[in-house]
Each structure stands twice: as C-alpha cells, then as structure tokens.
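As a plain string of letters, each chain reads:
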Amino acid sequence: MEIELSCNSYAFESLTVEPFNAEPPRSALISSYVTPVDFFYKRNHGPIPIVDDIESYYVSICGLIENSKDLFMRDIRMLRKYNITATLQCAGNRRTAMSNVRTEEKMIMLSPGLTSYEMQHAVWSGAKLADVLELVGIPNLTSVTRSGGKHVEFVSIDKCKEENGGPYKASIPLSQATNPEADVLLAYEMNGEAQYSVVALFLVVWATSCLNPVELTSWLTLNSNAYSKFFLSIIMPKPLNRDHGYPLRVVVPGVIGARSVKWLDTINILAEECQGFFMQKDYKMFPPSVNWDNINWKSRRPLMDFPVQHNTETCWLTVRNLLTRGRECDEAWKADPQLLYNLQAKVSGYAVSGGGRGIERVDISVDGGKNWVEASRYQKTGIPYIADHMSSDKWAWVFFEVIIDIPHSTQIVAKAVDTAANVQPESVETIWNLRGVLNTSWHRVQAIGKTKVIAFWQGVSGNSVMRWRNRINHFID
C-alpha cells in the first residue's frame, strides 16, 4: 500500500540509465484501469536488445522433448490469439521503504530517494504457451514429458552481467505452462493499440471508391507489395515496443515480473528448474535474521506468486464537489464559508494478489489502525467488483475508493485482504529481507487534517490564492 497527497504529477522517473530502469509516479497508476504504455514501468538487467529483422526472428523449443522445433513469428501468429488482462509487478516493488529500516551492501537500490513503484496493468495479446507446447507434442495439463521434463525455461536475447555476459533466463513448472487456465502467454501485442497511416488510409479509400473494378484490379496488381504494406499498417495492432520485449515476450500472470521474460529467444524443457542467477541467487525471500555472512541460497525456493499488495492515493474534496482552484475556490468559500467545514478526503487506489486470487476487501483507517472502514471495489466503472466472479479479471488489479472525514492531521493506513484471507502485514520490520523483495506492509502517511486546510484558506484571498496555487495542490485536488 502506498499513499500520496498529490494527485497531479505525471512525470516519468528515470531510475538508472544503464541498464535502463524507470517508473511513473504513484498518481499516474490509478489514472486508468489499463496503464498506458508510456506509463508502464521499465525494469531491465542489461542493455535493451534490438531485433531488426522480424522475418528471420524465431524461437527455438528444445530440451527434454521428442521433437525440437523453431517457431517464426508467422507460426505463432497463426495460433489462436488471446487477450489477457494482467497486472505485472516487480518483486522489488517498494524496496526503498525496506531499505529505510536497514540497508545491506548488496540490496539493489535503483536510485536514492525513489520509492520503486513497479506495478502496472495491461492487456497482453498473443498465443497461449499451452497451445505452443502442443506443437512439439506436449499435451495440455502435462506435469512431466516422456523424457522427464518438468520445467519450462525461458531464455532471453538480452545479456546481463549477473549471468557473466550470458542471457537472462527464468523458468516455471511444466504443469503451469501446459494449463490453459493459467493463461501464460507468448505476447506480441500490448494494450491492443492500433497504429494508423494517414497516407495508407487515403490510398485505400481512393482505390476502393474512385476506381472501377478493372482499374482497381490493375492498380492492385501493379502496386501489390506497396498496397499490402499500407493495408497492414492500417489494420495491424501495435506490437510490443522495445522496452517491453519486442518482438515476443512471456507473460506469466499472477507471478512476479522476473519470470515474464522479455525478448524471448529459446524455450527449454528441463528436468530441474532453471539454474540461472535470477532463479537461484536472487528473487528469494529470507527472514530478517539472514545476512550475507550466513546466507544459504539453496535453503529457499525461487519466488513465484506475488502476495497481496496495494497502492493508495488520497485527494481532498468536498461533499458537494471537488474543490475548485484559484480565484474560483476563493469565491466559493466567500459565498459559503461552511463549504470548507464539509471538507473530506477521497482515499482511492488499487489492490492485487498473485495466483489469480481475488481481492475480498480493502480496509482504510484514519487513526493509525485503531478503527477501520471498508472501501468499495471495482474494476470497470459503475460495475461492483465480485471477487472470483466470471465477470471479473482474475489476474488484474482492483480499484477501490472511500470518502472519509479527516478532522485533524492524522495517519492514514490501508490494508488489502485476498480471497484466501491473506492480509498485508502491519510492519515492514517483520518482513525485512536482505534483497529487499516483497514489501507488502502497510504504508503510513501523515495526512493534513481539515483544521489546517481551513486555516490555510482563511489566511489567503483573491490573488494570493492564485499565487499559492502550486502549494495548495499538495493537499487539495
């Protein structure tokens, strides 16, 4: 859970340049149910690879199977296309708060002072991995191949120093990969954004409306190659961009983002889980007592499903309407002095849990956790959310909101509970770990009470309100 008192900043935060890592501010995350591509976090362990020749690009499927196979993009696109709405989250989400408790030498910090909000939500489109594996003779719901394969390893094109210059890689169990209900994708599109060519559109309209059938046939024959390219530029959805895995990436819903390998190169069927660095010597959670002197990497399993988590925003408003800014707000206050005394806060945000578990409830407290109120939940505007219902997106975050009175400066906290009754822990100290992963503790913030807001407004009028507009926006929206 995270809380921010400003709801207006949308600047993208660049955390590191090489490898490139960046994230949007918290306020941008709840601006829409589906995160725009430009606001989607970027997390990399090495330089972003470039794939120029899409026609010759292919993915090799090999390992403990009877028949290896190379799949080109045209082969993958021939399979049934699925659109899966899923939230991705880096295991290091909110690492800064954990480092404030205690910082270890090798705790990954992307940038000092930044809070590391690496969770966003998109619609991913592509072929299901279960369908792809059927092409090499692995039926749905298979736990072990005839040759003893039990795990599916994804190997990337990109190279990283942790692998001694080798490729990034990770794996999931074969039983998960072959389960159509797990919705594991080989995704080639993100958010279904279409790209249009104005010139192509004009030529198509002209060709189909201004030429008679004989002329149109002749024109198509002479310009078939150019026409095809123009036509495809109109109707083809936008592919993944380079930052997010072009031309093909894995999406494993409900699992930490480290297993959703980008820039896919090879799929290996293995007897044991992947032995890569990020499976065996990172993304594991240890108790607070473990340090670099006594760590035993083999004593913990690689992280897979992420736990229940949420992020919260608070914005000031009145029970009548959102407070207008500047001179309008000053005039409204003069016309009705009671307006400010009706001041309330809207606490809103999103919650999500791993493994396809729904969100059962979100509780909000304005007195540090002594008393709680339940927030309303929704995924689609105007439609109440029902956890685990067929109308809900099971891999997706859930929005919540509640309007609540905050009479004086206080601490706002919130906690989410999933359908398995998993609840966020109260204290970050109890879940601190040397790698700084999976901080799902309550987030605490001092909220400005209405008494201070009223005092501020009573101390300004007219042009002074306009002069202090930026300062006001820190706690009024």
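Our structure's up above, just so we're on the same page.
Computed from a predicted model, the values in this text were never measured in an experiment.

1. Topic: the sheet that holds strand β12 (residues 264–270)
Strand order in the open sheet made by the five strands is β4-β3-β12-β7-β8, with mixed pairing throughout. Here the strands that pair on one side only, and so sit at the sheet edges, are β4 (69–72) and β8 (167–173). Within this sheet the neighbouring strands show an average axis-to-axis angle of 20 degrees, counted without direction. Note that strand β7 (residues 151–159) and β8 share six bridges and pair antiparallel. When the sheet's bridge partners are listed, Val152 is paired in β8 with Ile172.

2. Section: the side chain of Ser125
Checked against the element boundaries, Ser125 lands in strand β6 (residues 119–128). Within the local environment of Ser125, its side chain forms a polar contact with the side chain of Asn83, the two groups lying 2.5 Å apart. Beyond its immediate chain neighbours, meaning those up to four positions away, Ser125 contacts Lys81, Tyr82, Asn83, Leu185, Leu186, Ala187, Tyr188 and Glu189.

3. Overview of the environment of Ser391
For Ser391, the location among the structural elements is in the loop between β18 (383–384) and β19 (398–404). With a relative accessible area of 44%, Ser391 lands in the partly exposed category. In the structure, Ser391 is positioned twelve residues away from Gln379 in sequence and 9.8 Å away in space, judged by C-alpha atoms. Reaching out from Ser391, the side chain makes a polar contact with the side chain of His389 at a distance of 2.8 Å.

4. As for the pairing of strand β20 (residues 410–418)
Here β20 lies mainly inside the structure; eight of its nine residues are buried. Two strands pair when backbone bridges link them, and strand β15 (residues 359–365) and β20 are joined in this way by six bridges, in the antiparallel orientation. Residue pairing across strands places Ile359 opposite Asp418, the latter belonging to β20.

5. Considerations on unusual backbone geometry
Of note, the bond from Tyr246 into Pro247 is cis; its omega dihedral lies within 30 degrees of zero at 10 degrees. You can see Pro247 is positioned in the loop between β10 (237–239) and β11 (249–251). In this model, Asn164 sits at a positive phi of 55 degrees, which is unusual for a non-glycine residue. Looking at where Asn164 falls in the secondary structure, it is placed in the loop between β7 and β8. A positive phi angle is found at Asn191, which is not glycine, with a value near 70 degrees. Here Asn191 lies in strand β9 (residues 185–194).

6. What to know about the side chain of Ser441
Turning to its location among the elements, Ser441 is positioned in the loop between β20 and β21 (445–447). A distance of 2.8 Å separates a polar atom in the side chain of Ser441 from a polar atom in the side chain of Asn439.

7. Topic: the pattern of salt bridges
On inspection of all chains with the given rule, the structure shows ten salt bridges. As a salt-bridge pair, Lys81 and Glu189 come within 2.7 Å of each other at their nearest N and O atoms. Placement of the pair is Lys81 in the loop between α2 (73–78) and β5 (82–89) and Glu189 in strand β9, with a sequence separation of 108 residues. A salt bridge links Arg361 to Asp363; its shortest N-O distance comes to 2.8 Å. Classification of Arg361 as partly exposed rests on a relative accessible area of 32%. Ionic contacts of the salt-bridge type, sharing partners, join the residues Arg77, Lys81 and Glu189 into one network.

8. Section: the nonpolar core
Generally speaking, soluble globular proteins have nonpolar side chains that are buried together. Within the largest apolar cluster, 53 residues are counted, with the highest numbers of intra-cluster contacts made by Leu129, Val152, Phe154, Leu248, Ile256, Leu264 and Ile267. Ranked by size, the runner-up nonpolar core spans 19 residues in total, among them Ala351, Ile359, Val362 and Ile406.

Rules and cut-offs
- Residues numbered from 1 in each chain as written.
- Predicted model: local features only at pLDDT ≥ 70, side-chain atom pairs only at ≥ 80, totals over all residues.
- Heavy atoms only, no water.
- Pairing = 2+ DSSP bridges.
- Helix = DSSP H or I, 4+ residues; strand = E, 2+ residues; numbered from the N terminus.
- Axes fitted to C-alpha atoms, helices over the stretch in contact; angles between N-to-C directions.
- Polar contact = N/O pair within 3.5 Å; in protein donor to acceptor, adjacent residues only side chain to side chain.
- Contact = heavy atoms within 4.5 Å.
- Buried < 20%, exposed > 50% of the residue type's maximum accessible area, 1.4 Å probe, protein only.
- Salt bridge = Lys/Arg side-chain N within 4 Å of Asp/Glu carboxyl O.
- Core = buried A, V, L, I, M, F, W, Y, C linked by side-chain atoms within 4.5 Å.

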